Amino acid sequence: MVDPQISDRSEQIPNRSERQASNRPGRPAWSRRGILAVLGAVPAAVLTGCSGSADASETTSATPAASTEAETKAKVPTITVTPADGTTKAAFTNPVEVAVADGTLSAVKVTGNDGSTLAGSYNDARTKWTSSANPFSGTKYTVTAQSEGAGETTATFTTKSPGDTFVGYFTPEANSTSGVGMPVSINFTKAVADRAAVEKAITVTAEPAVEVVGHWFSDTRLDFRPEEYWAAGTKITLSLRLKDVEGADGVYGTQSKDVVFNIDRSQISTVDLASKTMTVVRDGSTLATYPVTGGDADHTTWSGIMVISERFKQTRMESSTVGLGDEYDIPDVPHAQRLTTSGTFIHGNYWASTSVFGSSNTSHGCVSMHDTKGADDTSVDGYKFYKSSMLGDVVIVKNSDEVTVDPSNGLNGWNLSWADWTAGSAL
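Residues numbered from 1 in each chain as written. Predicted model: local features only at pLDDT ≥ 70, side-chain atom pairs only at ≥ 80, totals over all residues. Heavy atoms only, no water.

Novice: Which parts of the structure should I look at to understand the sheet that holds strand β6 (residues 140-147)?
Specialist: Two pairing modes exist for strands in a sheet, parallel and antiparallel, and in both the strands are linked by backbone hydrogen bonds. The three strands are arranged β3-β6-β7 in an open sheet whose pairing can be described as antiparallel. Every other strand in the sheet has two partners, leaving β3 (105-112) and β7 (152-158) as the edge strands with one partner each. Looking at each pair of strands side by side, their axes are set apart by 15° on average, direction ignored. The pairing of β3 with β6 spans seven bridges and is antiparallel. When the sheet's bridge partners are listed, Ala-107 is paired in β6 with Gln-146. (Pairing = 2+ DSSP bridges. Helix = DSSP H or I, 4+ residues; strand = E, 2+ residues; numbered from the N terminus. Axes fitted to C-alpha atoms, helices over the stretch in contact; angles between N-to-C directions.)

Printed below as a string of structure tokens:
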């Protein structure tokens, strides 16, 4: 700091007497060079202060720059895949998840070694992607994910195989053509405990469109039908999505397929056992009327709506198989068509007198018409009806003095009202 006695330039340059006086004892000795040195130190000190201030400013501004760089490095997006990369026995009961920290997801693709892909969706912030369905069992998956500001991340995992499985055997067969009464019937190889889960995994659609509903007859059988018979010419698609559906504890389905079959013309045959006749109506017009014989008083024929489920040009019929002991054993019954699981057929008959047809009921419960041995005579009623029929055709029996056939006895769910049918759905 400058001495207060030095206030102007005249004071800054001492005269000779003052220089001499300065040499007196007790007073400071000043020289021109010394004073200038002192004066020169003042701005130098000020500059040093400014310089020091500038250095401090540079130091302060450098600190956030270093911090920003560190934060930038810390916020590089990090992608996580679940199941983790390299997992060999991943669960197939949970969806695949891809998450990112310090970033957003721009693309996610999940592909199985079977060629399948898993669709999914992002959350609102696009920080998480979740597959809309679970991965399949026993499948290797590759997950490719990208995030803004980061490279591509790839992970692979393999799902484990289920320990116990079930399948559903369906009727009718794929690509087959049936009559208007043919339901879609599925029989499972294992008892189903979670009926809702299994039924939800099966859909039946029709063209032209009509509502189709499932009905559980037991824990191993599920049938589908519309309210009325199928329309002639309908295309029906059965979609099975049972793979990895848990039907019972630890028991999983294996099927994932679509099955198509078609409905042909409408043929409804009505058997009146009071008049002993059968009238066949094809697409609304009467095709033929045949004299028949039905079950006698001790072996009445089931009444109700029945659907042809099997057809044989010739087949063996034994009474022992239907609980009637050894009353009959006919090795070559011609033109036999099954109506119930319990053994009711409509078939040709060559062993009875032609006089019984149209006049009396003499059988052990089946409906039959005149035929000849060998099943090759095209002129007889048995042959003609068989030739005009197909799987899925409807046969209605009335006035038989017997109760209505159980709907589960064969493909005969049409005997249930629509309300009762839909009540049997698990959905």
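Moving on from the coordinates now.
Novice: How should the pairing of strand β27 (residues 394-398) be read in this particular structure?
Specialist: A regular strand places its side chains so that they alternate between the two faces of the sheet. Two strands pair when backbone bridges link them, and strand β19 (residues 267-272) and β27 are joined in this way by five bridges, in the parallel orientation. Bridge pairing in β27 places Thr-270 opposite Ile-396. Two elements, strand β22 (residues 304-307) and β27, share four bridges in a ladder whose sense is antiparallel. Bridge pairing links Val-307 to Val-394 in β27.

Novice: Help me out: how do you make sense of the side chain of Asp-371 in this one?
Specialist: Within the secondary structure layout, Asp-371 lies in the loop between β26 (367-370) and α5 (381-388). Despite its burial, Asp-371 pairs with no opposite charge; the closest candidate is Lys-313, at 10 Å N-O. In terms of polar contacts, Asp-371 uses its side chain to reach the side chain of His-335, at 2.6 Å. Each residue touching Asp-371, except ones within four places of it in the same chain, is listed here: Pro-334, His-335, Gly-348, Asn-349, Tyr-350, Val-380, Gly-382 and Tyr-383. (Buried < 20%, exposed > 50% of the residue type's maximum accessible area, 1.4 Å probe, protein only. Lys, Arg positive; Asp, Glu negative; His and termini not counted. Salt bridge = Lys/Arg side-chain N within 4 Å of Asp/Glu carboxyl O. Polar contact = N/O pair within 3.5 Å; in protein donor to acceptor, adjacent residues only side chain to side chain. Contact = heavy atoms within 4.5 Å.)

Novice: Whenever I open this one, unusual backbone geometry confuses me. Can you help?
Specialist: Among all residues save glycine, negative phi is the norm, and among peptide bonds the norm is trans. For the bond running from Thr-171 to Pro-172, omega is 0°, close enough to zero to count as cis. Counting through the fold element by element, Pro-172 comes out in the loop between β9 (168-171) and β10 (177-178). Here the bond from Glu-207 into Pro-208 is cis, since omega is 5°, no more than 30 degrees from zero. Note that Pro-208 resides in the loop between β12 (202-207) and β13 (213-218). A positive phi angle is found at Asn-399, which is not glycine, with a value near 55°. As for its placement among the helices and strands, Asn-399 is situated in the loop between β27 and α6 (418-423). Look at Asp-401: it is not a glycine, yet its phi comes out positive at around 65°. Following the sequence through the fold, Asp-401 ends up in the loop between β27 and α6.

Novice: Mind showing me how you'd approach the environment of Tyr-383 here?
Specialist: Relative to the elements of secondary structure, Tyr-383 occurs in helix α5. Between the C-alpha atoms of Tyr-383 and His-335, which are 48 residues apart in sequence, the distance is 6.5 Å. Once residues lying within four places of it in the same chain are set aside, the contact partners of Tyr-383 are His-335, Asp-371, Ala-375, Asp-377 and Thr-378.

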